[in-house]
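# Summary of structural features
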Amino acid sequence: MIEIPLEGFLLTPVQKICKYPLQLAELLKYTHREHRDYAKLQTALATMRKIAMLINERKRRMESIEKIAAWQKNVEDWEGAHLLERSSELIYSGEVTKVNSNGWSQERMFFLFDHQIVYCKKDLLKRDVFCYRGRIDLDHCDVIPLEDGKDNQFNVTVKHAWKLHDTVREKWFLIHTRTDSDREHWLQAFQDERRRVQEDKENDFTIPDHVRQTAMNMKPKKFHPVKPGPGIQRKISQMPFPYQHEIMNNVPTRVALPRGVSRNEAVDGDNKKWTWLPFRNRKSKR
């Protein structure tokens, strides 16, 4: 008999969670609708499918918080609380135009997380680097789609726009996109964010404190390229085919470059002289 440790017995029910929906579905398939256990089997199947979905979702969310922590460390001039204190997932992102209180348009990158939006400014010198500019609390915020035309509050004319109203700070944000489809994607993303927040509340999903602290204290990995020195040779990619080795073995170690062609030899079929520079012997017309 194979000896299985206690940890193996504890892990066995977890590994079979994904098999339970298949077994219940097969059992329900061969159960008559008039059977007294048919309704119970339906309830059990729906419950096990939901449990399997929640396990996969929590695993995906745990992997997501590490990416969020690494992303925040690359944002310059960060202010305020850490993202992981309230958020655990990036839902949508994109470039939009934000109108400030003076009516000036500002190009910003909006990152929609659960519970909040972080908007940044692109760095003009560094590639793929963002500068923190602010955040919006979505738990106390109203999303108001706008029709194309002039907005009296900001005194500007906008298209494909919507407003965000922070009810706690009594602050308004006017945002618009380039196309109407972009605006529809953003409005749909706001609905998805509220739905996911409600699902997390119903399923009692929270990030454990030790997982959050581990992700926040994790140092980003940096790549330091090594310059080849006198004792370091560059690596050449492997050549799996025999003809490649034959070609490389026949390459001479020293190659003599041809000298310049003499004036007597540098003629074509019509005995017209030519040079390496096609515009060298042309005379400018006056």
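The structure displayed is predicted, hence computed values, not measured ones. (Residues numbered from 1 in each chain as written. Predicted model: local features only at pLDDT ≥ 70, side-chain atom pairs only at ≥ 80, totals over all residues. Heavy atoms only, no water.)

To continue, consider the nonpolar core. Counting 18 residues, the largest nonpolar core has W71, L84, F111, F113, V118 and C120 as its most contacted members. Those elements that provide at least two residues to this core are α3 (38-73), β2 (105-113), β3 (116-122), β4 (130-137) and α5 (209-217). Here this core gets 4 residues from one element, more than from any other, and that element is α3. Apart from residues lying up to four places away in sequence, C120 is in contact with W71, V75, R108, M109, F111, F130, C131, Y132 and R133. Core analysis: the second largest hydrophobic core is formed by 17 residues, I117, Y119, C141 and L164 among them. (Core = buried A, V, L, I, M, F, W, Y, C linked by side-chain atoms within 4.5 Å. Buried < 20%, exposed > 50% of the residue type's maximum accessible area, 1.4 Å probe, protein only. Helix = DSSP H or I, 4+ residues; strand = E, 2+ residues; numbered from the N terminus. Contact = heavy atoms within 4.5 Å.)

Packed helix pairs are characterised by how far apart their axes lie and by the angle those axes make with each other. Their axes nearest at 9 Å, the elements helix α2 (residues 19-29) and α3 cross at an angle of 160 degrees. With respect to each other, α2 and α3 are oriented roughly antiparallel. Every pair of crossing elements has a handedness; the one defined by α2 and α3 is left-handed. Packed against α2, whose contacting residues are Y20, P21, L24, A25, L27 and L28, the element α3 presents Y38, L41, Q42, A44, L45, M48 and R49 at the interface. Split by residue class, the contact of α2 with α3 holds 11 nonpolar, 1 polar and 1 charged. (Axes fitted to C-alpha atoms, helices over the stretch in contact; angles between N-to-C directions. Parallel < 35°, antiparallel > 145°, perpendicular 65-115°, else oblique. Left-handed = near helix turned anticlockwise from the far one by under 90°. Nonpolar A, V, L, I, M, F, W, Y, C, P; charged D, E, K, R; others polar.)

What follows covers a nonpolar patch on the surface. A contiguous nonpolar patch, built from I4, L6, F9 and L10 and spanning about 450 Å² of accessible area, is present on the exposed surface. Relative to the helices and strands, L6 is located in helix α1 (residues 6-15). (Patch = residues over 30% accessible without salt bridge, like charges linked within 9 Å, V, L, I, M, F, W, Y side chains within 5 Å. Areas by Shrake-Rupley, 256 points an atom, 1.4 Å probe, with all protein chains shown as cover. Salt bridge = Lys/Arg side-chain N within 4 Å of Asp/Glu carboxyl O.)

A separate point is the pairing of strand β1 (residues 90-99). Pairing of β1 with β2, which is carried by 9 bridges, proceeds in the antiparallel orientation. The partner of K98 across the bridge, within β2, is Q106. Here β1 folds back onto β2, and the loop between the two strands holds 5 residues, one of which, G103, carries a positive phi near 90 degrees. Sheet topology places β1 next to strand β9 (residues 171-176); 3 bridges connect them, and they run antiparallel. When the sheet's bridge partners are listed, T97 is paired in β9 with H176. (Pairing = 2+ DSSP bridges.)

The 7 strands lie next to each other as β4-β3-β2-β1-β9-β8-β5, forming an open sheet whose pairing is antiparallel. Each of the sheet's edge strands pairs with one partner strand only, and the pair in question is β4 and β5 (141-145). When the angles between neighbouring strand axes are averaged without regard to direction, this sheet yields 35 degrees. Of the strands in this sheet, β1, β2, β3 and β4 touch α3, which is tilted by about 150 degrees from β2. Across the sheet, helix α4 (residues 180-202) is in contact with β1, β2, β3, β5 and β8 (161-166); its angle to β1 comes to roughly 135 degrees.

The next thing to look at is the packing of aromatic side chains. Inspection of every chain in the model, using the stated rule, returns 12 aromatic pairs. A ring pair is formed by W162 and F190, whose centres lie 6.1 Å apart and whose planes are at 70 degrees; its orientation type is edge-to-face. Here W162, found in strand β8, pairs with F190, found in helix α4; they are 28 residues apart in sequence, far enough to count as distant. A residue is classified by how much of its surface remains accessible, and W162, at 0% relative accessible area, is buried. Aromatic rings pair up to connect Y92, F110, Y119, W162, F173, W186 and F190 into one cluster. (Phe/Tyr/Trp six-rings, centres within 6.5 Å; stacked < 30°, edge-to-face > 60°.)

Our next topic: α2. Three or more residues of α2 are buried, namely P21, L24 and L28. Viewed along the axis of α2, the buried residues span an arc of 70 degrees, placing them on a single side of the element. Residues of α2 that are exposed and angled more than 90 degrees away from the buried face: L22 and K29. Tucked inside the fold, the buried residues of α2 contact α3. (Arc of directions from axis to C-beta.)

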